[in-house]
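# Summary of the model geometry
The primary structure of each chain is shown beneath.
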Amino acid sequence: MQAKTQKESKMELVVIGIALIAFVVGLVGHLAGASFANFDTFGYIAAPTPLILAIIAFVAYKVAASAED
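Described in the following lines is the structure provided in the data block. (Residues numbered from 1 in each chain as written. Predicted model: local features only at pLDDT ≥ 70, side-chain atom pairs only at ≥ 80, totals over all residues. Heavy atoms only, no water.)

### Quick notes on the environment of Lys62
- On the secondary structure map, Lys62 appears in helix H3 (residues 49–67).
- Of the residues examined, Lys62 reaches a relative accessible area of 45% and is grouped as partly exposed.
- Placed 47 residues apart in sequence, Lys62 and Val15 show a C-alpha to C-alpha distance of 9.7 Å. (Helix = DSSP H or I, 4+ residues; strand = E, 2+ residues; numbered from the N terminus. Buried < 20%, exposed > 50% of the residue type's maximum accessible area, 1.4 Å probe, protein only.)

### Digging into a nonpolar patch on the surface
- On the surface, Phe23, Val24, Leu27, Val28, Leu31 and Ile45 cluster together into a nonpolar patch covering about 550 Å² of accessible area.
- Among the elements that take part in the nonpolar patch, helix H1 (residues 6–34) stands out by supplying five residues, more than any other.
- Mapped onto the elements of the fold, Leu27 is located in helix H1.
- Judged by relative accessible area, Leu27 falls into the partly exposed class, the value being 40%. (Patch = residues over 30% accessible without salt bridge, like charges linked within 9 Å, V, L, I, M, F, W, Y side chains within 5 Å. Areas by Shrake-Rupley, 256 points an atom, 1.4 Å probe, with all protein chains shown as cover. Salt bridge = Lys/Arg side-chain N within 4 Å of Asp/Glu carboxyl O.)

### Side note on the environment of Ala67
- If you trace the backbone, Ala67 turns up in helix H3.
- With near-sequence residues (within four places) excluded, Ala67 lies in contact with Lys7, Glu8 and Met11. (Contact = heavy atoms within 4.5 Å.)

### Quick word on the nonpolar core
- Met11, Ile18, Ile56, Ala60, Val63 and Ala67 form the largest nonpolar core, which has six residues in total.
- Within the residue set of this core, elements represented by two or more residues are H1 and H3.
- Tallying contributions element by element places H3 first for this core, with four residues. (Core = buried A, V, L, I, M, F, W, Y, C linked by side-chain atoms within 4.5 Å.)

Below is the structure:
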């Protein structure tokens, strides 16, 4: 088993940070979607949530792949 390099350890922390951002975006989108029945404005927040999460996941994948040399 190989030891982790400094770059791999740093990239793991970056990916964890990105995962936390994705969690917050998903939570806000979920709450906005739940409130959609009350206010139409929240629909503008909830609608692009899957696209934003897909972009965040793609960025996380690229960051993780860049750590593997």
